[in-house]
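Overview (structure and organization)
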Protein chains: 2
Amino acid sequence: MTSARPFLLAAAILTASTGFAAAQDQFAGALKARQGQFRNLAFNLGILGSMAKGEVDYDAATAQEAADNLVTVTGISQNLQWPEGSDNGSIDGTRALPDIFTNMDDFRTKWSDLRLKAEEMQAVAGTGQEALGPALGGVGGACSACHDMYRASDS
Amino acid sequence: MTSARPFLLAAAILTASTGFAAAQDQFAGALKARQGQFRNLAFNLGILGSMAKGEVDYDAATAQEAADNLVTVTGISQNLQWPEGSDNGSIDGTRALPDIFTNMDDFRTKWSDLRLKAEEMQAVAGTGQEALGPALGGVGGACSACHDMYRASDS
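Residues numbered from 1 in each chain as written. Chains lettered and ligands numbered in written order. Predicted model: local features only at pLDDT ≥ 70, side-chain atom pairs only at ≥ 80, totals over all residues. Heavy atoms only, no water.

**Some words on the UniProt feature "binding site: heme c" (unreviewed entry) in chain A**
Residues and elements named next belong to chain A. The test is simple: UniProt positions are given in the numbering used here, feature names are shortened, and annotations may be inferred rather than shown by experiment. Within this scheme a cavity is a closed region of a 1 Å grid, computed over the protein atoms alone, that accommodates a 1.4 Å probe without allowing it to escape, whereas a pocket is open but has protein on both sides within 12 Å along at least five of seven lines; lining residues each have an atom within 4 Å of a point. Under the DSSP-based scheme used, a helix requires at least four consecutive residues in state H or I and a strand at least two consecutive residues in state E, with every element numbered from the N terminus. Three labels apply to residues, based on accessible area from a 1.4 Å probe with only protein chains included: buried if under 20% of the type maximum, exposed if over 50%, partly exposed otherwise in between. The contact criterion used is simple: two residues touch if any of their non-hydrogen atoms lie within 4.5 Å.
Per the UniProt entry, the sites bearing "binding site: heme c" (unreviewed entry) are Cys 143, Cys 146 and His 147 in this numbering. In the annotated group above, the second largest pocket draws its lining from Cys 143, Cys 146 and His 147. With respect to the helices, strands and loops of the structure, Cys 143 is situated in helix α6 (residues 132–150). Note on Cys 143: relative accessible area 22%, which makes it partly exposed. On the secondary structure map, Cys 146 appears in helix α6. Excluding anything up to four places from it in sequence, Cys 146 contacts Phe 107, Lys 110 and Arg 151.

**Some remarks on the layout of surface pockets**
All names here are of chain A. Note the following rule: Grid points are joined across faces, edges and corners, and a volume is the space filled by probe spheres set on the points. Amino acids are sorted into nonpolar (Ala, Val, Leu, Ile, Met, Phe, Trp, Tyr, Cys and Pro), charged (Asp, Glu, Lys and Arg) and polar (every other residue, Gly among them).
Taken as a whole, the second largest pocket encloses approximately 630 Å³ of empty space. Along the walls of the second largest pocket sit 25 residues, with Arg 34, Phe 38, Trp 82, His 147 and Arg 151 positioned nearest its centre. Where the lining of the second largest pocket is concerned, the elements lending two or more residues are α2 (28–53), α5 (104–124) and α6. Here the lining of the second largest pocket is composed, by residue class, of 14 nonpolar, six polar and five charged.

**Observations concerning helix α5 (residues 104–124) of chain B**
In plain terms, the rule: A helix is expected to span 1.5 Å for every residue after the first.
For α5(B), spanning 21 residues, the distance from its first C-alpha to its last is 31 Å, which sits close to the expected 30 Å at 1.5 Å a residue. Packing partners of the buried residues in α5(B) comprise α2 (28–53), α3 (60–73), α4 (99–102) and α6 (132–150) of chain B.

**Quick look at the interface of chain A and chain B**
What counts, and what does not: Simply put, the buried area is the total loss of 1.4 Å probe accessible area from both parts when two parts are fitted together. Salt bridge criterion: a side-chain nitrogen from Lys or Arg within 4 Å of a carboxyl oxygen from Asp or Glu. Within 3.5 Å is the distance limit for a polar contact, defined as a pair of N or O atoms, with the added protein rule that one can donate a hydrogen and the other accept it, and that residues adjacent in sequence qualify only through two side-chain atoms.
Contacts between chain A and chain B engage 30 residues on the former and 30 residues on the latter. Together, the buried faces of chain A and chain B total about 2,500 Å²; carbon and sulfur atoms form 63% of this surface. On the chain A side of the interface with chain B, the three residues burying the most area are Phe43(A), Glu65(A) and Leu80(A), jointly 25% of the side's total. For the pair chain A and chain B, the interface holds zero salt bridges. Remark: the boundary between chain A and chain B carries ten residue pairs in polar contact (both at pLDDT 80 or more). When contributions to the side of chain A that touches chain B are tallied by element, the ones reaching two or more residues are α1 (5–26), α2 and α3 (60–73) of chain A. Here the element with the most residues in the side of chain A that touches chain B is α2(A); it accounts for twelve residues. Of the residues in the side of chain A that touches chain B, the class split is twelve nonpolar, 13 polar and five charged.

Here's what the structure looks like:
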C-alpha cells in the first residue's frame, strides 16, 4: 500500500541511523497501538469463548456486541502501526517476526481474512449459544494462520 | 443500555462477594481492552499531531489513514469493557473514576461526541496540513470533556 510509505520510510531511515534504543522509542507508540488492538480482540473473543464453553450463560445481546466489536477492531488498517524495523529482531517487547515486512501483502491478506471470519461470527452471534463454537473456530483459525507465520512462539 | 446488563450484573456480584483481588483478576481483560483502544487512538492522534506541528512532513494518505483509524476505533462500543466495579477505587492500574457507573449515559454520550469529532477530522485530514490543527482541537476537546469528568488526574 502506498499510503503508509513516507511514514515507513522515515521510520526505517531513523532506525538505520540511530540504532536499537532509538528504534525502541520511535516504535513505542506503534507497538502499543497494535498490541492494544489485539488486547481488545482478545477481550471480546474471551466473552464469546466463555459463552461457547458454557462457563457464562449465553446472552444474545452481549454476544452480538462482542462480535460487533471484533468486526470494528478488524477495520483498523494495518499499515501505520507496523513500521519497518519494529520486529522482534530490532526492538524489545514484541513477538512480531521480520518476515512481516517482506510479506506485507500476505500479512494484510491474513488480517482481511480475520475480518471475514469476524463478520461470520457477527452474523450468527445473536442467534444462539450453539452458533458460537463453530464461528469461534473460524476466527481462531484466522488468528493462527497469521501467528504461525508472523509471530514468534516465545515472548 | 440493556445489552450489557447480564454481564455487568454478574461482574458486580462477583466483586461484592470475593473482593478486591478477584475484581482485579476479573476485570484484567476489560482494562486491557479499553486501555488498548486508547493507546490505538493516541498513536493515530500522535501521527496527526506531528504533522499539524510540522515535526513530520504532511502526507495526505498517511493523515487520512490515521483519521480513518480514529473513526474506526471510536466505533467500539463502550459497554462490555466498562464493567461496574472496574474503577480506580476498586482495582489498580486504572484512572477511571466511579462516577462513570452512575453517569453511564453521559459517559457514552461523550464517547459519541468523540466519534463525531473524529469524523470531522476524517473529512478534512486529506485536504492539507493546515486543516489538521483545528480538527485536532475538536478531537482534543472531546477527549478532555470526558477526562475532566471521569478520569483521575493522577495515575
